[in-house]
Amino acid sequence: MIKRVLGISALPALSVLAFLEVTLGSASLPWHSLQAGLLAGPASHDIAARIIWSLRMPRLVLAFLTGAILAGAGALLQAVTRNPLADPFLFGLSSGSATGAVAVIVLLGDVFGVWTIAFGAVGGAFLATSALLLLVSFRSRSGVRVSTERMLLSGLAISFVFSTLTNLLIFWGDRNTAQSVLFWTMGSFSAARWSALPLVVLGLLPVIFGKWAFGADLDALMAGEETAASLGVQTRRLRLCVLALCAYSCATTVALCGPIGFVGLIVPHLIRPIWGRSVRNILIPAMVAGGMLTILSDLLSRCLLASQELPVGIVISAIGACFLMGLLTRR
């Protein structure tokens, strides 16, 4: 019954958030201007229509898709590691993507056009994933059983390493580049354009594919390593595939929005008490909730200060820190 009520109420709640995202901002649009701009269409030269169709609508879509990708990747990582604290940010995937993107910006410039940052982010994400797998593989070959806690700590160490490299690259760059890159590393949806949205759509597909291809194996793995092995699940290959999918998906969001943390950590915890622990059951609700969370955070980032826009990463980090402290006080 609760699932049905929440499922029915999700669409009106998302519609309200979308309406506020399009209406509010540095230039608030009254109802008659909003209605006229929507009816005029994207080809109109009216100011309200250009604000709606060229700036706020792509920003709305980008915010929702980013939250959906991060929440879905978080649910997959928490399942494959059997650790409720797993998150693309804590595993070093977002930090590696940010390092790759900043390296391309600072060292190479606009080599590949609009896809320059995307190439750098994807390369950095796979580099971070490779470093994580090498570190875990080294421990397992030395005779030490690799626990999920050790894997999480390895990801955290790699995250610190790549964050340090990102700061060094920003320090070495010229002042103008460093200033723009520094704002980008805090997370923002201000660069949303229709031409860039296909990239984040390509990042959404691997998360959905992970649900259909590995959902049953992940549910078996959550019951325990021995249970999964008895059911024929190859846990090593499963972890490799899921990490690769999450690395690529998170890289697409970093390329457009910068590194945004805590979404993949918060949302699965909110969904599990209602939809259960099965990955096949929680992934789609988690993606919808993640999109709603990022839209809400973007609204707050634009409305909290009257004179300027906060980086959305700061708002989400504040929400995530409060949530994590509340989670720790409960259990």
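Note that the structure is predicted; figures quoted are calculated from it, not measured.

### Some remarks on the overall build of the protein chain
Then step 1. Each helix and strand counted, the protein chain has 13 helices and zero strands in total.
Then step 2. When the helices and strands of the protein chain are listed from N to C terminus, the series reads α-α-α-α-α-α-α-α-α-α-α-α-α.
Then step 3. By the compact-globule yardstick of 20 Å for 331 residues, the protein chain fits well, its C-alpha radius of gyration being 20 Å.
Then step 4. Along the first, second and third principal axes, the C-alpha set of the protein chain runs to 65 × 55 × 35 Å.
Then step 5. Taking all 331 residues of the protein chain together, 50% fall into the buried category.
Then step 6. In the protein chain, 76% of the contacts between residues at least 6 apart in sequence involve partners at least 24 apart.

### Description of the packing of helix α11 (residues 263-275) against helix α13 (residues 312-330)
Then step 1. One can describe the packing of α11 onto α13 by two numbers: an axis separation of 9 Å at closest approach and a directional angle of 50°. By the angle between their directions, the pair α11 and α13 is classed as oblique. Along this stretch, α11 crosses α13, giving a crossing that reads as left-handed. Taking contact as the criterion, the partners of Val263, Leu265, Ile266, His269 and Leu270 in α11 are, on α13, Ile316, Ile319, Gly320, Phe323, Leu324 and Leu327.
Then step 2. Class assignment of the residues belonging to the contact of α11 with α13 gives a composition of nine nonpolar, two polar and no charged.

### Here we look at the nonpolar core
Then step 1. One finds Leu62, Leu76, Leu218, Leu238, Val242, Ile260 and Val263 to be the most contacted residues of the largest nonpolar core, which totals 89 residues.
Then step 2. Sorting elements by how many residues they give to this core places helix α3 (residues 47-81) first, with 20 residues.
Then step 3. Ignoring anything within four residues of it in the chain, the contact list for Leu218 reads Leu76, Ala79, Val80, Leu238, Val242 and Val279.

### Describing the pattern of salt bridges
Then step 1. On inspection of all chains with the given rule, the structure shows five salt bridges.
Then step 2. Glu21 is the salt-bridge partner of Arg302, the closest N and O atoms lying 3.2 Å from each other. Of this pair, Arg302 sits in helix α12 (residues 279-303) while Glu21 sits in helix α1 (residues 2-23), placing them 281 residues apart in sequence.
Then step 3. Asp298 is paired through a salt bridge with Arg59; the nearest N and O atoms lie 2.8 Å apart. Taken together, the residues span a long stretch of sequence, with Asp298 in helix α12 and Arg59 in helix α3 at a distance of 239 residues.

### Remarks on the packing of aromatic side chains
Then step 1. Summed over the entire model, instances satisfying the criterion amount to one aromatic pair.
Then step 2. Both rings, one in Phe209 and one in Phe214, keep their centres 6.1 Å apart while their planes meet at 90°; by these two values the pair is edge-to-face.
Then step 3. The ring of Trp212 has Lys211 lying over it, and the distance from NZ or CZ to the ring centre is 3.7 Å.

### Some points on the confidence of the model for the protein chain
Then step 1. Taken over all residues, the pLDDT of the protein chain has a mean of 83, while the share at 70 or more is 91%.
Then step 2. Mean pLDDT across the secondary structure elements of the protein chain bottoms out at helix α7 (residues 175-185), with 72, and peaks at α12, with 91.

### Some thoughts on the environment of Ile47
Then step 1. Structurally, Ile47 can be placed in helix α3.
Then step 2. Ile47 gets classed as exposed once you look at its relative accessible area, which sits at 62%.

### Topic: a nonpolar patch on the surface
Then step 1. Among the surface-exposed residues, Trp115, Phe119, Val201, Leu202 and Leu205 lie close enough to one another that they form a single nonpolar patch of about 470 Å² accessible area.
Then step 2. Top element by residues in the nonpolar patch is helix α8 (residues 197-222). It accounts for three residues.
Then step 3. Residue position: Val201 is located in helix α8.

Rules used throughout
- Residues numbered from 1 in each chain as written.
- Predicted model: local features only at pLDDT ≥ 70, side-chain atom pairs only at ≥ 80, totals over all residues.
- Heavy atoms only, no water.
- Helix = DSSP H or I, 4+ residues; strand = E, 2+ residues; numbered from the N terminus.
- Rg over C-alpha atoms; globule rule 2.2 N^0.38 Å.
- Buried < 20%, exposed > 50% of the residue type's maximum accessible area, 1.4 Å probe, protein only.
- Contact = heavy atoms within 4.5 Å.
- Axes fitted to C-alpha atoms, helices over the stretch in contact; angles between N-to-C directions.
- Parallel < 35°, antiparallel > 145°, perpendicular 65-115°, else oblique.
- Left-handed = near helix turned anticlockwise from the far one by under 90°.
- Nonpolar A, V, L, I, M, F, W, Y, C, P; charged D, E, K, R; others polar.
- Core = buried A, V, L, I, M, F, W, Y, C linked by side-chain atoms within 4.5 Å.
- Salt bridge = Lys/Arg side-chain N within 4 Å of Asp/Glu carboxyl O.
- Phe/Tyr/Trp six-rings, centres within 6.5 Å; stacked < 30°, edge-to-face > 60°.
- Lys NZ or Arg CZ within 6 Å of the ring centre and 35° of its normal.
- pLDDT = per-residue confidence, 0-100.
- Patch = residues over 30% accessible without salt bridge, like charges linked within 9 Å, V, L, I, M, F, W, Y side chains within 5 Å.
- Areas by Shrake-Rupley, 256 points an atom, 1.4 Å probe, with all protein chains shown as cover.

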